[in-house]
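Architecture at a glance
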Amino acid sequence: MTRVYWMEVKTEFLKMARMKTYSVSTVAFPLMFYAFFGLAMAATLPSGISMSRYLLATYGAFAVMGATLYAFGVGVAVERGMGWLEVKRASPMPPAAYFVAKAAVSLAFAAIVVTLLFAMGAIFGGVRMPASQWLAMWGALVAGAIPFAAIGLAIGSFAGPNSAPAIVNMVYLPLSFCGGLWLPIEILPKGLQHAAPFLPSFHLGQIALAIQQAPVQGTIANHAEALAAFGLVCAGVAWIGQNRDREKTYG
Amino acid sequence: MPVAELRGVTKRYGAVEALRGVDLAIAPGELVSLLGPNGAGKTTAVRILLGLAAPTSGEAQVFGCHPACHQARVRRGALLQVGKVPDTLKVREHIELFSTYYEKPLPLAETISAAGLAGIENRLFGALSGGQKQRVLFALAICGNPPLLFLDEPTVGLDVESRRALWGRIRGFVARGGSVLLTTHHLEEADALAHRIAVINQGRIVAEGTPAAIKAQTQTSGLEDAFLAIMRENGSPLEEVIQ
């Protein structure tokens, strides 16, 4: 039984790694954005924290969101909409294996890109932190992939195969900007600052910032609760979508 | 005891009745062809026997249990109509994964040769021709060495040569003792392969028997004429029948 899960994860990883639209853009975009805003601008925030250090946390969150939202939102929508998920369901595959493999692989991609971002920050951005902080931030960011996997699955369970990439971008990019992941939340307009606590992206960014002891709103526990709530609601929505799907019309 | 069976099955999708009281049984070692025009209910019948859809009323059984039960799932293979299969996996990787789903799968080399994939097993799925892709789907259906196959319009879109080659592989499976439910709107295909044909139209089985009996029933020589005659009797518009 464990062999089935292992093979499912391994095959899913190969499939996604070879799919350049996923693997290259998931890794390249966060690194590129961090190079532009975190390294090239070399500013210091009013709170005394360097831009390279602050944005390492928020682009980490941005990277994790990309790895999961595309893998689930687009991946499930395409495989579901084009009948591949049906072929898997008709086979004796344990039903959970499909989702477990997708989750494991998007977490793996999240881990890869966060590791590369940290290396960039340490080498080119002069970011220095105790090892425990690096590790805690890494762990929090990668674990933060889980609620976003649920959000992606909710999108992928309803969106059509052609519209899914556009829908994911319409969710991913505004969430990132308005959640203070591209630019520090304190320099965003006041209206957006008030709206940010309603966005899951904001909470993951705040957790990573809190670990590196930047000034944040609320506690890590508050933000973790908010993320868990978002994740559970989206998992429920996804569950409804997956059930509805089984009764679709066919000749 | 039949290996797969529908008893009085109806299936309603909103206002549309896809199946209206269908009885169908496949005996061990038998190849049954479900023949009918597009939209007749063929795919719905297969989906119910695969546990992908539940009947509105009536009963479906595979190997004596519910079609979605584990016992049924590990003893059947399926080739479904699928719009897109992941392109970035090699033929061998697709087969290896599906083989792990079964308790006693065929050795990889045997699946590859039975499906006619020798020489292309290391190619990415996306780089294959239409006929090769269909052979990979056939390989995924047989890799677990199941005693029962569901083939839903397996030769759609194939050229004559690929179609004949796939027929040969299906015959090979039956010769080794396997049972098959094959749906098709291709009359020649049902005639060439089936022990028994069930003609389905507008959700009802309108004729059933050996290819020869179906022909005799309507006193016409060709199966195609017989098919059209059966459809006309059942009030199906001719344009729909001819497609």
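Structural notes, computed from the coordinates. (Residues numbered from 1 in each chain as written. Chains lettered and ligands numbered in written order. Predicted model: local features only at pLDDT ≥ 70, side-chain atom pairs only at ≥ 80, totals over all residues.)

1. Comments concerning the interface of chain A and chain B
Keep this limit in mind: Whether two residues are in contact is decided by their C-beta atoms, placed from the backbone, lying within 7 Å. Elements are defined by DSSP. Helices are runs of H or I of four residues or more, strands are runs of E of two residues or more, and each kind is numbered from the N terminus. Residue polarity follows a fixed list, in which Ala, Val, Leu, Ile, Met, Phe, Trp, Tyr, Cys and Pro are nonpolar, Asp, Glu, Lys and Arg are charged, and the others, Gly among them, are polar.
Facing the 25 residues of chain A at the interface are 30 residues of chain B. Of all the elements, helix α1 (residues 2–18) of chain A adds the most residues to the side of chain A that touches chain B, at 8 residues. Of the residues in the side of chain A that touches chain B, the class split is 12 nonpolar, 5 polar and 8 charged.

2. As for the sheet that holds strand β7 (residues 179–184) of chain B
Residues and elements named next belong to chain B. Basically, it comes down to this: In short, DSSP must find at least two bridges between two strands for them to pair. Between the N-to-C directions of two axes lies an angle of 0 to 180 degrees, each axis being a line fitted to C-alpha atoms and, for a helix, fitted only over the stretch in contact.
An order of β5-β6-β7-β3-β8-β9 is seen for the 6 strands of this open sheet, with the pairing classed as mixed. Edge strands, defined here as strands with exactly one partner in the open sheet, are β5 (76–79) and β9 (204–209). Strand-to-strand, the axes of this sheet are offset by a mean angle of 15°, without reference to chain direction. Together, β5 and β6 (148–152) form the strand contacts of helix α5 (residues 130–142), whose direction differs from that of β5 by roughly 165°. Taken strand by strand, helix α6 (residues 160–175) contacts β3 (31–35), β6 and β7, and its axis lies near 150° from that of β7.

3. Examining unusual backbone geometry
Residues and elements named next belong to chain B. The line we're drawing: Counting other C-beta atoms within 10 Å of each residue's C-beta, where C-beta atoms are placed from the backbone, gives the exposure class: buried for 20 or more, exposed for 12 or fewer, partly exposed between.
For Phe-63, which is not glycine, the phi torsion reads 50° and is therefore positive. Residue Phe-63 is classed as buried on the basis of its C-beta count, with 20 C-beta atoms lying within 10 Å. Of note, the phi angle at Asn-145 is positive, near 55°, even though the residue is not glycine. Considering the arrangement of structural elements, one finds Asn-145 in the loop between α5 and β6. When the 19 C-beta atoms within 10 Å are taken as the criterion, Asn-145 is described as partly exposed.

4. Some thoughts on the packing of helix α7 (residues 145–158) of chain A against helix α11 (residues 220–245) of chain A
Residue and element names in this part refer to chain A. Filter applied, for reference: Angle categories: roughly parallel below 35 degrees, roughly antiparallel above 145, roughly perpendicular from 65 to 115, and oblique for all the rest. Crossing handedness: left-handed means the near helix sits turned counterclockwise from the far one by under a right angle, and right-handed means the same turn made clockwise.
In the contact formed by α7 and α11, the axes pass within 8 Å of each other and the chain directions differ by 25°. Classed by the angle they form, the pair α7 and α11 counts as roughly parallel. At the point where α7 passes α11, the crossing takes the left-handed sense. Counting all contacts with α7, which are made through Ile-146, Pro-147, Ala-150, Ile-151, Leu-153, Ala-154, Ser-157 and Phe-158, the residues of α11 involved are Leu-227, Ala-228, Phe-230, Gly-231, Cys-234, Ala-235, Val-237, Ala-238, Gly-241, Gln-242 and Asp-245. Considered class by class, the residues forming the contact of α7 with α11 number 14 nonpolar, 4 polar and 1 charged.

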